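Architecture at a glance
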Amino acid sequence: MIIKKRFISAFAFLLALAGYGILLDKHLVESQNLRRPSINEFEESCALLFFGLPKHFKDISLPSIRKYILNVNPGCDVFAHTYDIKTTTNARNGEDTSPVHPEDVFLLTASTAMDTVENFLLAHNVSYYRSVFPPDEPWTYPTSMDNMIKQWHSIDGAWRMMEERGKEYKRVGLFRLDALYTHEISIAAKEGGAVIPNFLKSGGMNDRMFFGDVEYARVWATGRFDDVPPFLASQSKDSYIGLHSEKFMKFLMRNIPVAEKSICFHRVRATGKILKDCSLGILDDLKIFVFGFREHYSRR
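Definitions and cut-offs
Residues numbered from 1 in each chain as written. Predicted model: local features only at pLDDT ≥ 70, side-chain atom pairs only at ≥ 80, totals over all residues. Heavy atoms only, no water. Helix = DSSP H or I, 4+ residues; strand = E, 2+ residues; numbered from the N terminus. Buried < 20%, exposed > 50% of the residue type's maximum accessible area, 1.4 Å probe, protein only. Contact = heavy atoms within 4.5 Å. Areas by Shrake-Rupley, 256 points an atom, 1.4 Å probe, with all protein chains shown as cover. Phe/Tyr/Trp six-rings, centres within 6.5 Å; stacked < 30°, edge-to-face > 60°. Lys NZ or Arg CZ within 6 Å of the ring centre and 35° of its normal. pLDDT = per-residue confidence, 0-100. Axes fitted to C-alpha atoms, helices over the stretch in contact; angles between N-to-C directions. Parallel < 35°, antiparallel > 145°, perpendicular 65-115°, else oblique. Nonpolar A, V, L, I, M, F, W, Y, C, P; charged D, E, K, R; others polar. Core = buried A, V, L, I, M, F, W, Y, C linked by side-chain atoms within 4.5 Å. Pairing = 2+ DSSP bridges.

**Concerning the overall build of the chain**
Within the chain, the regular secondary structure consists of 10 helices and 11 strands. Scored against the burial criterion, the 300 residues of the chain give a buried share of 53%. Taking as baseline every contact in the chain between residues at least 6 positions apart, the subset at least 24 positions apart corresponds to 75%. A total accessible area of about 14,300 Å² is found for the chain, and carbon and sulfur atoms account for 54% of it.

In structure tokens:
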């Protein structure tokens, strides 16, 4: 009985602390020197582009996107690109015919492109990219490479959706659909023309998010496929690394004044698992705990 009471007390304390952390979200913004934007800052038109495959989107990713991205960037047009599939399998992620619901992306924006894997395969020579699989990466062949190229295709697709609007944008942010965001991200922050996160660089640059001026965003979003041959040609036989994602990103952005900032978000798996990809401190960590605990017990 004593042990049970102690467990309940400890659990109540953690929940209270997590709630306290959520109330103090604004301090996470201040800790990164990212200001909450005013409406006037968005007189120059802006766009938010989301890409990839939604995983536990309605219950995990979407609420965090609305709170920490959409609400912080008022007036921005929102576009998305995803794939019309019902399940996903990736042994490295612990996913085995795990269900996905791409139709949920329409809850984010009506401007969503629902693509097919068949269309992706027609557009890209997957065998070529598999042939330059990075030899020293802890990836799963060929799934990891295929998924990276699908993500590139999705990023490019979201960009085309934006261009089809026929509107001139000055600032653009690009974000993953399969992520839990835990602090405010303003694309109008005076942090420079090209901003990326500073976590999980793997000897190069983080390739999971970008925001900045439209001319730099265009390179990040649409320059990947054309830059693969020169990236591979820059490698000697003795220093061959293949198509390494983060090192390729550094090569892609080599002529752009990139600012790497303390921005943190966490990948969500189709199983509901949330990966702790980075940390901005205990308050950030507690949010992951709360979401993970809720998801675990909602499936029991």
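**A short note on the packing of aromatic side chains**
In this structure the tally under the stated criterion is 16 aromatic pairs. When the centroid spacing of 5.2 Å and the interplanar angle of 75° are considered together, the rings of Phe133 and Tyr141 count as edge-to-face. Arranged with centres 5.4 Å apart and planes meeting at 80°, the rings of Phe199 and Phe265 form a pair that is edge-to-face. In this pair, Phe199 is assigned in the loop between β8 (194-197) and β9 (210-213) and Phe265 in strand β11 (residues 265-267), connecting sequence segments 66 residues apart. Take Phe199: its relative accessible area is 8%, and that puts it in the buried class. Through pairs of rings, three or more aromatic residues link up here, namely Tyr128, Tyr129, Trp152, Phe225, Phe231, Phe248 and Phe251. We note Arg224 situated over the ring of Trp220; from NZ or CZ to the ring centre the distance is 4.2 Å. Here the guanidinium or amino end of Arg254 rests over the ring plane of Phe251, the centre of that ring lying 3.9 Å away.

**Concerning unusual backbone geometry**
Backbone geometry follows two general trends: most residues other than glycine have a negative phi, and most peptide bonds adopt the trans configuration. Cis geometry is adopted by the peptide bond preceding Pro142, which originates at Tyr141 and carries an omega value of -10°. Here Pro142 shows up in the loop between α5 (126-131) and α6 (143-164). The backbone phi angle of Thr97 is positive, close to 45°, even though this residue is not glycine. With respect to the helices and strands, the residue Thr97 is situated in strand β4 (residues 95-99). Even without being glycine, Leu200 reaches a positive phi, approximately 45°. With respect to the secondary-structure elements, Leu200 resides in the loop between β8 and β9.

**Digging into the confidence of the model for the chain**
On average, residues of the chain carry a pLDDT of 84, and 78% of them reach 70 or more. Across residues 10-40 the pLDDT falls below 50, and counting only partners more than four positions away or on other chains, this stretch makes 44 contacts in the model.

**Concerning the packing of α6 against helix α7 (residues 214-222)**
Across the interface, α6 lies against α7 with an axial gap of 8 Å and an inter-helix angle of 140°. Compared by their axis directions, α6 and α7 come out oblique. Residues Ile155, Asp156, Trp159 and Glu163 of α6 pack against Val214, Ala217, Arg218, Trp220, Ala221 and Thr222 of α7. The class makeup of the residues in the contact of α6 with α7 is six nonpolar, one polar and three charged.

**Points about the nonpolar core**
Residues Leu48, Phe50, Leu108, Phe175 and Tyr181 are the most contacted members of the largest nonpolar core, which totals 28 residues. When contributions to this core are tallied by element, the ones reaching two or more residues are β1 (46-51), α3 (57-70), β2 (77-83) and β7 (179-181). The dominant element in this core, judged by the number of residues it contributes, is α3, at six residues. With 25 residues, the next largest nonpolar core counts Trp159, Met205, Val214 and Ala221 among its residues.

**Some thoughts on the pairing of β9**
Strand direction decides the pairing type here: strand β6 (residues 171-176) and β9, joined by four bridges, are antiparallel. Looking across to β9, one finds that Gly173 is bridged to Phe211. With two bridges joining them, β8 and β9 adopt antiparallel strand pairing. Residue pairing in the sheet places Ala194 in a bridge with Gly212 of β9.

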